[in-house]
Amino acid sequence: MRTMMVSINLFVVYFLTFSTYVHGQNKCEAFIDLALIIDSSGSVPPNDFEQGKKALLDLVSRLNVATEKAGVAIINFASTPTLSAQTNVYEFERGNLFQQIADLPRIGTNTATGDALALADAYCQSSCRDISKGVPRVFAVFTDGHSNEGRPAIPAAQALRSSPIEGTIFAVGIGNIGPVGDAELLGIAGDKDYVMNINSYLDLARVTNAITMKMCDFPAFVGPDIKVQSEMTGNSTRYFKMHTLKKAKKNAFFEIQLNDRAGKTVVYTSTTNKKPSGATSKSMTSRAAGSGNIYTTYVPATAENFYFSVKGVSATLNQFDFTVRVRPV
């Protein structure tokens, strides 16, 4: 037992040191509420599970944890899921979070992915930040195969994506998960852009930076007539999305009234591109009656989603607030 504790402590110290090196060009500064959903079923060999934990430690080390920017919950699952996080996890000391990941046990039973997603949904509904914060709720599922126990995975994922938290699910398949596993991954994510296949757990450790940076660019869901306050440093960008009036079969104008409180920002919009830029923007800008700008976009009833980005122009700090109003036509 003493030898095991020394090993775990050295493991954590190594990654605390490694995270100091990682923070820099590869650091994710985004605001994000992230749930890492980890398959520890019997089909995952012990050595692969340890490689997976190393990859998770690398991933988390790239997030701005211990501030109100990044919140991280850990769900370890096989036949039953276990939540390894508490309320307001973004206030955890970094070492505490690393230790929780290092201590994750390999459960070694069946694969109840649907139950793990349901637990993540319940957790986020009670503990993720309010929609007015404009924070993406991201659920990253890492699995080596399809579910074979508990509630069906795809309906559980659909419920999470359509629940009040409006979560985005990133599904990562590791190894040869077969056609059934591939179909389930796509059904869980609901979008091929949010699915990734990796050959092995060793390869997972090699691509954690790519995974982290991809998740940090996921759009946050926002609602109409809700004032959202946010900020960013440097020449960075934050991404957002909204529902259209497709169900009502109505065209609409989406008006974003944005006020800069510090620095300067610019808005880009699109009905197809999840990361709008100057080349894809469909908005027209006008000066608001008080302060700030109004960005107006015509959104047809056929559009699935409305996407917009806020890009910081100031090289230091950009603080802003915005409200979106939807005008049916």
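Anything mentioned here points back to the structure above.
Residues numbered from 1 in each chain as written. Predicted model: local features only at pLDDT ≥ 70, side-chain atom pairs only at ≥ 80, totals over all residues. Heavy atoms only, no water.

### Overview of the pattern of salt bridges
If the charged atoms of two oppositely charged side chains come close together, the side chains can form a pair.
Point 1. Counting across every chain of the model gives 13 salt bridges.
Point 2. A salt bridge links arginine 62 to aspartate 58; the shortest N-O distance between them is 3.0 Å.
Point 3. Classification of aspartate 58 as buried rests on a relative accessible area of 6%.
Point 4. Residues arginine 327 and glutamate 255 are paired through a salt bridge, measuring 3.2 Å at the closest nitrogen-oxygen approach. Within this pair, whereas arginine 327 is found in strand E15 (residues 317–328), its partner glutamate 255 is found in strand E10 (residues 252–262), the two being separated by 72 residues in sequence.
Point 5. Several salt bridges share partner residues, and in doing so they unite Asp191, Lys192, Asp193 and Lys274 into one network. (Salt bridge = Lys/Arg side-chain N within 4 Å of Asp/Glu carboxyl O. Buried < 20%, exposed > 50% of the residue type's maximum accessible area, 1.4 Å probe, protein only. Helix = DSSP H or I, 4+ residues; strand = E, 2+ residues; numbered from the N terminus.)

### Looking at a nonpolar patch on the surface
Point 1. Together, Phe253, Tyr298 and Val329 make up a nonpolar patch on the protein surface, roughly 280 Å² of accessible area in all.
Point 2. Structurally, tyrosine 298 is set in strand E13 (residues 293–299). (Patch = residues over 30% accessible without salt bridge, like charges linked within 9 Å, V, L, I, M, F, W, Y side chains within 5 Å. Areas by Shrake-Rupley, 256 points an atom, 1.4 Å probe, with all protein chains shown as cover.)

### Focus: the sheet that holds strand E14 (residues 305–312)
Consider a sheet: its strands pair through backbone hydrogen bonds, and that pairing is either parallel or antiparallel.
Point 1. On the basis of which strands lie adjacent, the open sheet formed by four strands has the order E7-E9-E14-E11 and mixed pairing. Each having just a single partner strand, strand E7 (220–221) and strand E11 (265–270) make up the two edges of the open sheet.
Point 2. Judged from the two bridges that link them, E7 and strand E9 (residues 237–243) form a sheet pairing that is parallel. Each residue of the ladder has a partner; that of phenylalanine 221, found in E9, is lysine 241. (Pairing = 2+ DSSP bridges.)

### A look at the packing of aromatic side chains
Point 1. Evaluation of the coordinates by the stated rule reveals nine aromatic pairs.
Point 2. By way of ring pairs, the aromatic residues Phe240, Phe254, Phe306, Phe308, Phe320 and Phe322 are connected into one cluster. (Phe/Tyr/Trp six-rings, centres within 6.5 Å; stacked < 30°, edge-to-face > 60°.)

### Considerations on the state of the cysteines
By definition, a disulfide is the covalent link that joins the sulfur atoms of two cysteine residues.
Point 1. In this structure the tally under the stated criterion is two disulfides.
Point 2. A sulfur-sulfur distance of 1.8 Å marks the disulfide that ties cysteine 28 to cysteine 216. Its S-S torsion of approximately -115 degrees makes the covalent link between cysteine 28 and cysteine 216 left-handed. You can see cysteine 28 sitting in the loop between helix H1 (2–22) and strand E1 (32–39) and its partner cysteine 216 sitting in the loop between helix H8 (208–215) and E7, a full 188 residues away along the chain. An identical accessibility class is assigned to cysteine 28 and cysteine 216; each is buried.
Point 3. Disulfide connectivity for the protein chain, with bonded cysteines indexed by sequence position, reads 1-4, 2-3. (Disulfide = S-S within 2.5 Å.)

### A closer look at the sheet that holds strand E12 (residues 284–287)
Point 1. Ordered in space as E8-E15-E10-E13-E12, the five strands form an open sheet in which the pairing is antiparallel. The open sheet terminates on both sides in strands that have one partner only, identified here as strand E8 (228–233) and E12. For this sheet, the mean angle separating the axes of adjacent strands, direction not counted, is 30 degrees.
Point 2. Here E10 runs beside E15; their pairing, made up of 10 bridges, is antiparallel. Across the sheet, phenylalanine 253 pairs through a bridge with arginine 327, a residue of E15. (Axes fitted to C-alpha atoms, helices over the stretch in contact; angles between N-to-C directions.)

### Quick word on the environment of arginine 137
Point 1. Turning to its location among the elements, arginine 137 is positioned in strand E4 (residues 137–143).
Point 2. Beyond its immediate chain neighbours, meaning those up to four positions away, arginine 137 contacts Asp33, Cys124, Cys128, Arg129, Asp130, Ile131, Pro164, Ile165, Gly167 and Thr168. (Contact = heavy atoms within 4.5 Å.)

### Brief notes about the side chain of serine 163
Point 1. Along the chain, serine 163 turns up in the loop between helix H5 (153–162) and strand E5 (168–174).
Point 2. What makes serine 163 buried here is its relative accessible area of 8%.
Point 3. Here leucine 160 takes part through its backbone oxygen, which lies 3.0 Å from a polar atom of the side chain of serine 163.
Point 4. Residue contacts for serine 163: discarding those within four places in its chain leaves Asp121 and Gln125. (Polar contact = N/O pair within 3.5 Å; in protein donor to acceptor, adjacent residues only side chain to side chain.)

### Regarding the environment of phenylalanine 221
Point 1. Take phenylalanine 221: it is sitting in strand E7.
Point 2. With a relative accessible area of 15%, phenylalanine 221 lands in the buried category.
Point 3. When near neighbours in sequence (up to four residues on either side) are disregarded, phenylalanine 221 contacts Ile131, Glu166, Lys241, Met242 and His243.

### Topic: the packing of helix H2 (residues 46–61) against H8
Point 1. Two elements in contact, H2 and H8, have axes whose closest approach is 9 Å; the angle formed by their N-to-C orientations is 45 degrees. In terms of axis orientation, H2 runs oblique to H8. Crossing geometry of H2 relative to H8 is assigned as right-handed. Contacts from Ala55, Asp58 and Leu59 in H2 reach Thr208, Ile211, Thr212 and Met215 in H8.
Point 2. Residues of the contact of H2 with H8, tallied by class, amount to four nonpolar, two polar and one charged. (Parallel < 35°, antiparallel > 145°, perpendicular 65-115°, else oblique. Left-handed = near helix turned anticlockwise from the far one by under 90°. Nonpolar A, V, L, I, M, F, W, Y, C, P; charged D, E, K, R; others polar.)

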